[in-house]
Amino acid sequence: MIKYKKDTDNIVTLTIDMKGRQENVINHNNCDLWRPIIDHLQKEKKKGVLKGIIITSTKKNFLEGGDLEYLYTTKEAEKIYELATKLSQFFRDLEHPGVSVVAAINGNALGLGFEMALACHHRIALDSSDIRLGHPEISFGLMPGSGGVIRLLWLLGLEKAFHILTNGRKYRPREALKVGIIDEVAPTHKDMLEQAKKWLMSQDEAIRPWDKSGGRIPGGTANHPKTIRLIQQLTADLSKNTYNNYPAHQSILDTLVEGSKVDFDTALKVERRQFTQLILHPKTSNMIKTFWYDYNAIKKGINRPKGFGKFRPKEVGVIGAGRMGSGITFCCIKRGIKVVLKDVSKPIAELGKKYTKEQLAVRASNDTITVQEAISLLDNLTTTEKTENFKDCDLVIEAVYENEMIKSKAIKETEKIIDEYALLGTNTISIPITKLAKSSFRPEKYVGLHFFYPVEDVPLVEIVKGKDTSDETIAQAFDFVRAIRKIPIIVKDAWGFYAARVQNTYILEGVTLLQEGYPAALIENLGLQAGMPKGALAFADDMSLKMVLKYEQQAAVHYGSKYVAHPAVATLVTMTEELGRTGRFKGNGFYEYVKNESRMLWSELGEHFMVTKESFDSQEIMERMLFVQVIEAIWCMQEKVVNSAAEANLGSVYGWGFPAFSGGVLQYVNSYGLDAFIKKCSVYKKKYGPRFSAPSLLKKMQKEGKEF
Amino acid sequence: MTEVYIYDAVRTPCGKGDTAGALFQVKPLDLLNRCLKALSNRNTFETEHINDAILGCVVPFGDQGDNVMKTALLYSGWSKEVPGMQINRFQASGLEAISLAAGKITAGWGDLMIAGGLESPSRVRRSNFRGAISSDPNIINLIGSIPSGMSADLLATLHNIDRIEIDEYALASQDKAFTAQKAGCFDNSIIPIYDQNNILLLNQDEVLNPTIHSEEIAAMDTIFPKWGRAGFEVAALKKYPLLEKIKAFHTVGNIAPMADGAALVLLGNKEKGKKLGLTAKAKILMASTVSSDLSIMHLGGVKAAEKAIQQAKLKVKDIDLWYTNESFGALGVYFQKHFSLPANRLNACGGTIAFGEPIGALGAMLLSMLLNDLERQGLKRGLISIAAEGGMGSCMIIEIV
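Residues numbered from 1 in each chain as written. Chains lettered and ligands numbered in written order. Predicted model: local features only at pLDDT ≥ 70, side-chain atom pairs only at ≥ 80, totals over all residues.

1. Let's talk about the overall build of chain B
- Looking only at helices and strands, chain B has 14 helices and twelve strands in total.
- Its C-alpha atoms give chain B a radius of gyration of 20 Å, near enough to 21 Å, the size a compact globule of 401 residues would have.
- Along the longest, intermediate and shortest principal axes, the C-alpha atoms of chain B span 60 × 45 × 45 Å.
- When contacts within chain B are restricted to residue pairs at least 6 apart in sequence, long-range pairs at least 24 apart make up 84% of them. (Helix = DSSP H or I, 4+ residues; strand = E, 2+ residues; numbered from the N terminus. Rg over C-alpha atoms; globule rule 2.2 N^0.38 Å. Contact = placed C-beta atoms within 7 Å.)

As structure tokens, then:
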């Protein structure tokens, strides 16, 4: 599995090629395989017959690592600490044979795999835009635990290391070179090995900066006054960015700070202890569950209808060059898919092209693509005012103004042009797909594709299945969403679909709190502290208060005689009808809007909604705002609006920003404990009304001893 | 209970606490040395009569490190039998040193002591020696520690104090200080600083800015903090979620600048004073120490004063003169409002916005000013209350004898 080859210059090339699997993986189980090799190399070094070592691989990836499944299930601190120690020691031995080691990175090196690359004296990566390097652990609420944090600290200094570890980016080689986590890029595989050899021949002795006497951390240790100022700033930024809800960010900063104050080997212990603590943190478990297990399940297609061949869209049509259409266009173009963008006139359509060009330029400037790539990608975009230009499209997405008439017209026009196999999708937030499908001659090929604003940032797309939409169409829509690397969740064609319906409950609860006499600032602060991206009232303004009301009216229709009026409705009616304040778009809502200033709560709010509460229970208010969302999501499961916990969880985090540390709406219940959750529901039901009733699905699960 | 008397109080002038200050070229030890010499010259005691010397100093490193009090005693040629120690309760350190000495005397564990404080930020910068409360990210976020300036802004926001009030307060502080300086109010207690050739370096407070006026102060930009404000705001709003945001009020014009300086007090019981022929200036009636929420540290000064007054079974009206620190203008405004004090009873000879703050010596400095002021005005009772970081506060009430 590790091939050994020595050349006439006494340079050994170790090629990793793990048998029986597609990818090279390193973890606590297989790192022992390296032991005899390292021992052998040390002997050769003593004999003076070893000049240097190159580590590379023959597989598509260089080395990936970690064993999230093992970490997820291991609950003993000693075991976790021990496995991190074992790996840490292996990396230490690797940089210690006394000769230089080069990592010739021919493919992805991520997580633990990149920790190994960092334990080499020099890193050269193949200059390919398919390769990804770095430490994405943070997305699972984790951090490196076998020296990655401390090595980055010593190589780049505290500030850079902190940003690299907390942004979790997977860098392309050029970008990695720019940020300083690799030393060279090579145009071809052959060049890479030659460059590696050249570097090795130029080296006398292999001593890492931290093993040299007098070696120093760039920018100084955390005891240095300048670094102290930096740490204070990072600490403040951390509060602002995470509300201190994400322990991994804190652990990374703590490790860097503590680790800088002690010697390298002690620092590795500090790192392992923080790593161990994180692994055992319930928030980490939540995040691994959702962003590893659930994410992979969706990627593998648990929700994709079976038995249909893979759909590979080559050319996509987009109707409407507004903010949604432009965003969709860019997402397709970025993935190399041809796009025909149509609007009522060519100049308007060109606005969408301008937007795409700007977005590509941003990516070129931060090296995620080359300038050349940006140019050739943009060549794939055609703008037009003629529907005829859709004739070669495999899929057309209609993203025109949210109006039934206009949408119907677009559907009819498009169907005249596109061929019988092509899909037609509609981006709508509130009009039922089944209703729109009445304008279609071929409703089985017609599907809802609900993108979220801003399209290029939100990774979620709701695929809405109309009454007549065929399974094949759903499968193809799924493949399309995956082709632009977004997360598809398949939802029923009911009011608000899934995301908007559940998000609305958060807004309504915030408005209810206002009605109950709590001050608006409190509601907004507690929403943010609970982990939501915005306060409930800010969300209401952004969505428009009328839209919030409209969703609730749709709920009333949906539940018919069973509907219980939501206490927030009265306040929303007062706001929109009596006070004429409808939200951000009109420049007045719960907030006041002054150009170029951040919005402030409407100063007269207290006159219309009297503050009557003299004391408050922060915990309970935060819980109320999360519970309503969780309960609504469970209704969605019960009514089969969504069909899997994986979709519900990821949809909640990506769709409207339900706190990621909770692992999503349904994982929230798992983590809270089903029994405890049901009990709390009945407490809140008594205090605040029937919207807190636990759906029967929960009681059924309780009987069956299940969890989401 | 044994009563404790203040026999003398001396202080150096307050120098600008940076490299432009007149005392930058002076070792912190020399500031103490001048105070010690003045005490022994002005009074009739032999140094071996001193049972202990307690010193407040907030950054006890470098030139101020290794127990600077004991070093100063040796340096000044005091008897080898005099012990010395250094303590830290932030801004209240100097006052706390005096309370501690007074407590020992009250308990009968000593009869004559030296206490006070020292700080020379021009020589020993606090930002070079940060502790966990302000530099360890784990501790900062765990306890919700925010910078003092932000905390003062929080106080002002919570109590609807506005910028104009704060600026006016700051101007009044400068005005009172300048008037007092011109009238020679401090001549009795200020120990001029000379070099080794007896060439004068500084004989009066250096920081004062008598020319500052209302348009100038109103035009100044807020400074706290220049960075990380949004992050610290999050930390503060976690504790005070009823606020929408924390407004910024403080500028270089309405906060107390850092200053260099030292101040010492000679205190003992009646019997010892009589035996040595010392003249008592005042007696200590009461002292208190409190702590409350650290993110709004400035409540400490008010709470400590309330506690001391109550413990002494006095009323607000029984206190003739009040001195408190004006580290940030909002503190002074809040203190004054809370006790409904007329301007001529609070910091009557000017406050720290004008004089600056030698942080470790602050309490002893204010005691010396208060004593001067009471004597000058022929008043009886005075109070010093200091708001200190960490949400703490210390207070002392004295009475002229």
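2. A short note on the overall build of chain A
- What chain A contains, in helices and strands, is 29 helices and 20 strands.
- Along the three orthogonal principal directions, the C-alpha set of chain A runs to about 90 × 65 × 55 Å.
- The burial tally for chain A puts 51% of its 708 residues in the buried class. (Buried ≥ 20, exposed ≤ 12 C-beta atoms within 10 Å, placed from the backbone.)

3. Section: the sheet that holds strand E5 (residues 63-65) of chain A
Residues and elements named next belong to chain A.
- Here we have four strands laid out as an open sheet, ordered E3-E5-E7-E9, and parallel in their pairing. Only two strands of the sheet have a single neighbouring strand rather than two, namely strand E3 (25-26) and strand E9 (133-134).
- Looking at chain direction, strand E7 (residues 109-110) and E9 are connected through two bridges and run parallel. Within E9, the residue paired with leucine 110 across the bridge is glycine 134. (Pairing = 2+ DSSP bridges.)

4. Some details on the domain arrangement of chain A
- Domains assigned within chain A are domain 1 (2-280), domain 2 (315-492) and domain 3 (499-640 + 673-704).
- Here the C-alpha centre of domain 2 of chain A lies 41 Å away from the C-alpha centre of domain 1 of chain A. (Domains from an automatic or database assignment.)

5. Thoughts on the interface of chain A and chain B
- Contacts between the two partners involve 27 residues from chain A, matched on the other side by 23 residues from chain B.
- Looking at the side of chain A that touches chain B, the elements with two or more residues in it are helix H9 (225-242), helix H10 (247-261), helix H20 (520-529) and strand E20 (600-601) of chain A.
- Ranked by residue count, the leading element in the side of chain A that touches chain B is H9 of chain A, at twelve residues.
- Taken together, the residues of the side of chain A that touches chain B sort by class into 15 nonpolar, nine polar and three charged. (Nonpolar A, V, L, I, M, F, W, Y, C, P; charged D, E, K, R; others polar.)

6. Focus: the pairing of strand E12 (residues 338-342) of chain A
- Within E12 of chain A, four of the five residues are buried, leaving the element largely enclosed by the surrounding structure.
- Taken together, strand E11 (residues 315-319) of chain A, helix H13 (residues 323-334) of chain A and E12 of chain A constitute a β-α-β crossover, and its handedness is right-handed. (Right-handed = clockwise from strand over helix to strand, strands pointing away.)

7. Points about the packing of helix H3 (residues 93-106) of chain B against helix H14 (residues 362-377) of chain B
All names here are of chain B.
- The N-to-C vectors of H3 and H14 enclose an angle of 75 degrees; their axes lie 4 Å apart at closest approach. It follows that H3 is roughly perpendicular to H14 by the angle criterion. For the pair formed by H3 and H14, the contact residues are Ser93, Gly94, Leu95, Glu96 and Ile98 on the first element and Leu362, Gly363, Ala364, Met365 and Leu367 on the second.
- A per-class count over the contact of H3 with H14 returns six nonpolar, three polar and one charged. (Axes fitted to C-alpha atoms, helices over the stretch in contact; angles between N-to-C directions. Parallel < 35°, antiparallel > 145°, perpendicular 65-115°, else oblique.)

8. Examining the sheet that holds strand E2 (residues 11-16) of chain A
Residues and elements named next belong to chain A.
- Spatially, the six strands line up as an open sheet ordered E1-E2-E4-E6-E8-E10, and their pairing is mixed. With partners counted over all chains shown, the strands left at the sheet margins are strand E1 (2-6) and strand E10 (184-186), one partner each. Taking each pair of neighbouring strands and ignoring which way they run, the sheet shows an average axis angle of 20 degrees.
- Looking at chain direction, E2 and strand E4 (residues 52-57) are connected through six bridges and run parallel. Residue leucine 14 lies in a different strand from E4, and its bridge partner there is isoleucine 55.

9. Here's the deal with helix H27 (residues 665-672) of chain A
All names here are of chain A.
- For H27, the buried fraction is high: six of the eight residues fall into the buried class.
- Among all positions in H27, only Val665, Leu666, Gln667, Tyr668, Val669 and Asn670 are buried.
- Looking at the buried side of H27, the elements it contacts are helix H12 (282-300), helix H19 (499-515), helix H25 (618-638), helix H26 (645-656) and helix H28 (674-688).
- Immediately beyond the C-terminal end of H27, within one or two residues, lies glycine 673, with a positive phi of roughly 100 degrees.

10. Here's the deal with unusual backbone geometry
- A cis geometry characterises the amide bond from tyrosine 453 of chain A onward to proline 454 of chain A, with omega recorded as -10 degrees.
- The residue proline 454 of chain A is located in the loop between strand E16 (446-451) and strand E17 (460-465) in this model.
- Phi angles above zero are rare outside glycine, and asparagine 10 of chain A is one such case at about 65 degrees.
- Not every positive phi belongs to a glycine, and aspartate 66 of chain B is a case in point at roughly 50 degrees.

11. Description of the pairing of E2 of chain A
- As paired elements, E1 of chain A and E2 of chain A share five bridges and run antiparallel to each other. The partner of tyrosine 4 of chain A across the bridge, within E2 of chain A, is leucine 14 of chain A.

12. Some words on the nonpolar core
- In terms of nonpolar packing, the biggest core is built from 359 residues, with Leu133 and Ile463 of chain A together with Ile98, Leu267 and Ala330 of chain B touching the most fellow members.
- Ranked by the residues each element gives to this core, the list is headed by H25 of chain A, at eleven residues.
- Ignoring any residue separated from it by four or fewer positions in sequence, one finds isoleucine 463 of chain A in contact with Val447, Gly448, Leu449, Ile474, Ala477, Phe478, Val481, Pro488, Ile489, Ile490 and Val491 of chain A. (Core = buried A, V, L, I, M, F, W, Y, C linked by C-beta atoms within 7 Å.)

13. What about the confidence of the model for chain B?
- Confidence in the prediction for chain B averages 95 pLDDT; 100% of positions are at 70 or higher.
- Taken together, the chains of this predicted complex give a pTM of 0.93 and an interface ipTM of 0.91. (pLDDT = per-residue confidence, 0-100.)

14. Overview of the packing of H20 of chain A against helix H21 (residues 536-543) of chain A
Residue and element names in this part refer to chain A.
- Look at H20 against H21: their axes get within 7 Å of each other, and the N-to-C directions meet at 95 degrees. The orientation of H20 relative to H21 falls into the category roughly perpendicular. Across the interface between the two elements, Ala520, Ile523, Glu524 and Gly527 from H20 touch Ala536, Leu537 and Ala538 from H21.
- Taken together, the residues of the contact of H20 with H21 sort by class into five nonpolar, one polar and one charged.

15. So, the environment of aspartate 343 of chain A
All names here are of chain A.
- Checked against the element boundaries, aspartate 343 lands in the loop between E12 and helix H14 (346-365).
- Assessed through the 22 C-beta atoms surrounding it within 10 Å, aspartate 343 is described here as buried.
- Taking the C-alpha atoms as reference points, aspartate 343 and threonine 512, separated by 169 residues in sequence, lie 41 Å from one another.
- Those residues in contact with aspartate 343 that sit more than four places away from it in its chain are Gly320, Ala321, Ile348, Ala349 and Glu385.

16. Description of the environment of serine 408 of chain A
All names here are of chain A.
- Relative to the elements of secondary structure, serine 408 occurs in helix H16 (residues 404-417).
- Accessibility expressed as a C-beta count within 10 Å gives 19 for serine 408, which makes it partly exposed.
- For the pair serine 408 and serine 440, spaced 32 residues apart in the sequence, the C-alpha separation amounts to 7.9 Å.

17. A closer look at helix H23 (residues 568-578) of chain A
Residues and elements named next belong to chain A.
- Buried within H23 we find Ala568, Thr571, Leu572 and Met575. Down the axis, H23 shows its buried residues gathered within 100 degrees of arc, on one side only.
- Where H23 is buried, its residues contact H19 and helix H22 (545-559).
- Phi turns positive one or two residues past the end of H23, at glycine 580, with a value near 60 degrees. (Arc of directions from axis to C-beta.)

18. Focus: the confidence of the model for chain A
- For chain A, per-residue confidence averages 94 on the pLDDT scale, and 100% of positions sit at 70 or higher.
- Per-residue pLDDT, averaged within each element of chain A, yields its smallest value for E5 of chain A (84) and its largest for helix H5 (residues 148-156) of chain A (98).

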